[in-house]
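Each chain, written out:
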Amino acid sequence: NNLGTIYFSQRKYSEALESYNRALNCKPNFMDAYFNRANAAYESQEYYRALADLEKVEKYKPDTLVVYFSKGLVLTKLRRYDEALRAFRTAQALDAENLEVIVNIGTLYYYKKQYDSARWLFQDILRENAREPNSLNALAMIAAEQQQYPEAMQWITRALSAVPDEPYFLNNRGYIYLLTNQLDSARADIDASITADPYN
């Protein structure tokens, strides 16, 4: 299991999966290995495999926030948004103040095109923390989706002022530039994003 975690930290997900498999062959009820294997499967885009492992852990540890959080992430990737929302709501019930959970709930509203709900939730976060970068980024994407490009640029500029050179934010600013036909600026941002995170 520990060897798998080392491989995971090196982004060697197939080797990590093999190590977790071996750990579970030795100890079939080793819940940490199931959870770790789920994370490696998620990173390998083997979402159904990840979900199966998380559901095993959920049966043994039904009050564990991180299980529902991870399940929500997997279900989001599978575009099973209503189920993902239920998983995040369960996580929120276990920790009502967990910011990551709240941000993911808002992101699901965005994916479901419930823009008013998403905008309200992210702006509520910003009332507590005006520089919370993921909320600023999400509001930029909502504005871009609604073709409100100047507003989108204002939000993404604030996100990048909070976390300069964040690759996802650079990518999204590049996307907004692309939508407004500012192709040189778009290319520069997207190239910078790829340089910062070649795995994106």
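Okay, so let's go over this structure.

Calculation notes
Residues numbered from 1 in each chain as written. Predicted model: local features only at pLDDT ≥ 70, side-chain atom pairs only at ≥ 80, totals over all residues. Heavy atoms only, no water. Helix = DSSP H or I, 4+ residues; strand = E, 2+ residues; numbered from the N terminus. Buried < 20%, exposed > 50% of the residue type's maximum accessible area, 1.4 Å probe, protein only. Contact = heavy atoms within 4.5 Å. Areas by Shrake-Rupley, 256 points an atom, 1.4 Å probe, with all protein chains shown as cover. Lys, Arg positive; Asp, Glu negative; His and termini not counted. Charge placed at Lys NZ, Arg CZ, Asp CG, Glu CD. Polar contact = N/O pair within 3.5 Å; in protein donor to acceptor, adjacent residues only side chain to side chain. Phe/Tyr/Trp six-rings, centres within 6.5 Å; stacked < 30°, edge-to-face > 60°.

## Focus: the overall build of the chain
When its secondary structure is counted, the chain shows twelve helices and zero strands. Seen through its principal axes, the chain has C-alpha atoms that stretch 55 × 35 × 25 Å. The buried share among the 200 residues of the chain stands at 44%. Nonlocal contacts in the chain, meaning residues at least 24 apart in sequence, comprise 42% of its contacts between residues at least 6 apart. For the chain, the exposed surface amounts to about 11200 Å²; the carbon and sulfur share of it is 47%. The chain carries 23 positive and 26 negative side-chain charges, and their two centres are separated by 5 Å.

## Let's talk about the side chain of Ser-193
One can find Ser-193 in helix α12 (residues 183-196). Among the polar contacts listed, one links the side chain of Ser-193 to the backbone oxygen of Pro-167, at a separation of 2.7 Å. Discounting residues that sit within four places of it in the chain, Ser-193 has contacts with Pro-167, Tyr-168, Leu-170, Asn-171 and Asn-200.

## Focus on the packing of aromatic side chains
The tally for this structure, following the rule as stated, stands at six aromatic pairs. Aromatic side chains Tyr-81 and Tyr-111 sit 5.6 Å apart centroid to centroid with 25° between the ring planes, which places their arrangement in the stacked category. Here Tyr-81 is found in helix α6 (residues 81-94), whereas its partner Tyr-111 is found in helix α7 (residues 99-111), with 30 residues between them in sequence. Grouped by ring-pair contacts, the aromatic residues Tyr-81, Tyr-110, Tyr-111 and Tyr-115 constitute a single cluster.

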